[in-house]
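# Fold and geometry: a report
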There are 2 protein chains.
Amino acid sequence: MKVVNLAEKLALFATHWDPKVVAEYNGNDIMVVKVEGEFPFHDHPDTDDFFLVLDGEVLLDVEDRTHVLRPGELFVVPKGVRHRPRAEREATLLLIEPRGTPNTGDAATAARKDRI
Amino acid sequence: MKVVNLAEKLALFATHWDPKVVAEYNGNDIMVVKVEGEFPFHDHPDTDDFFLVLDGEVLLDVEDRTHVLRPGELFVVPKGVRHRPRAEREATLLLIEPRGTPNTGDAATAARKDRI
């Protein structure tokens, strides 16, 4: 039980599309991630996907629309809905997913999601 | 499915300790709340309690310690742990709780948690 400072956690790593677990909530991983460039289109058949922009601008392609997310803006992609986050310049996000959810929608290609 | 701007949602109401639901994630309510003064000590026997400060400073008394939370800082109170948020001046928070969780730990005294 302690205060988690998101900026301090983000300063601990430089890699993109490499979410780090900073806390847990009811079996969900609370994560921070740095993004830049394009992630593959994917979906999560069993879970919604929570995005909150902390810094920068994130484009979220959801089915046939592109949503622009800026700091202090969140978006929940419902389970089963295809989506792709991307960012022209580095941006940072808070993510929430059930523990063990592959970030790509596929365990074979998923990031490790280490705890920091 | 749409972008939720937290500052815009917070501008829609002025009441304190009156969380408003702005999105859902896997059966959890994602809420914003304005706080000032002291909330009662309480616990949630069945769920962790997620706090992320958006603006201002929040003091979180957890058992016998006081944690100071500033913008960009989060804290997860594990289920069953007694806690009390308070704020000397108005502050705003993002909260996550399973839908239907009484914010006071007691349905008889809980806020309505309307969707905005």
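Residues numbered from 1 in each chain as written. Chains lettered and ligands numbered in written order. Predicted model: local features only at pLDDT ≥ 70, side-chain atom pairs only at ≥ 80, totals over all residues. Heavy atoms only, no water.

### Side note on the relation of the copies chain A and chain B
Heads up, the rule is: Copies are brought into register by a least-squares superposition over C-alpha atoms of residues with pLDDT of at least 70 in both. Contact definition: two residues touch when any of their heavy atoms are within 4.5 Å.
For these two chains of identical sequence, chain A goes onto chain B by a turn of 180° and a shift of 0.0 Å along the axis, with RMSD 0.0 Å. Look at the turn and shift together and you get a two-fold axis relating the two. The share of interface residues of chain A whose copies in chain B are also at the interface is 100%, consistent with both copies meeting through the same surface.

### Quick word on unusual backbone geometry
All names here are of chain B. Definition in use: To qualify as a helix, a DSSP run of H or I must reach at least 4 residues; to qualify as a strand, a run of E must reach at least 2; elements of each kind are numbered from the N terminus. Three exposure classes are used, based on accessible area relative to the maximum for each residue type with a 1.4 Å probe and protein chains only: buried under 20%, partly exposed in between, and exposed over 50%.
The phi dihedral of E63 falls on the positive side, at around 50°, and the residue is not glycine. Phi at K113 is positive, roughly 55°, even though this residue is not glycine. In this fold, K113 is placed in the segment after β8 (83-98). Using a relative accessible area of 12% as the deciding quantity, one classes K113 as buried.

### A short note on the nonpolar core
Quick note on the threshold: What is meant by a nonpolar core is a set of buried Ala, Val, Leu, Ile, Met, Phe, Trp, Tyr and Cys residues, joined one to another through side-chain atoms within 4.5 Å.
Core analysis: the largest hydrophobic core is formed by 30 residues, its most contacted members being F50, L74 and L94 of chain A together with F50, L74 and L94 of chain B. Every residue in contact with L74 of chain B, bar those within four places of it in the chain, is listed here: K2, V3, V4, L6, A23, I30 and L94 of chain A together with F50, F51, L52 and L69 of chain B.

### Observations regarding the pairing of strand β3 (residues 28-38) of chain B
Residues and elements named next belong to chain B. Note the threshold: Paired strands are those between which DSSP finds at least two bridges.
β3 sits mainly inside the fold: 8 of its 11 residues count as buried. Judged from the 5 bridges that link them, strand β2 (residues 20-25) and β3 form a sheet pairing that is antiparallel. When the sheet's bridge partners are listed, A23 is paired in β3 with I30. Bridge count between β3 and β8: 10 bridges; the pairing is antiparallel. Bridge pairing in β8 places V35 opposite A91.

### Description of the pattern of salt bridges
Pairing is possible between side chains that carry opposite charge, provided their charged atoms lie close to one another. This is how the line gets drawn: We define a salt bridge as a side-chain nitrogen of Lys or Arg found within 4 Å of a carboxyl oxygen belonging to Asp or Glu.
The full count for this structure, using the stated rule, is 18 salt bridges over all chains. Where R99 of chain B meets D29 of chain B, a salt bridge forms, and the shortest distance between an N and an O atom there is 3.6 Å. In this pair, R99 of chain B sits in the segment after β8 while D29 of chain B sits in strand β3, placing the two residues 70 residues apart along the sequence. Taken together, the shared-partner salt bridges connect E38, D61, R84 and R86 of chain A into one network.

### A look at the UniProt feature "domain: Cupin type-2" (unreviewed entry) in chain A
Short version of the rule: UniProt positions are given in the numbering used here, feature names are shortened, and annotations may be inferred rather than shown by experiment.
The sites that UniProt annotates as "domain: Cupin type-2" (unreviewed entry) are residues 30-94 of chain A. As a span, residues 30-94 of chain A carries 0% helix and 66% strand, and end to end its C-alpha atoms are 7 Å apart.

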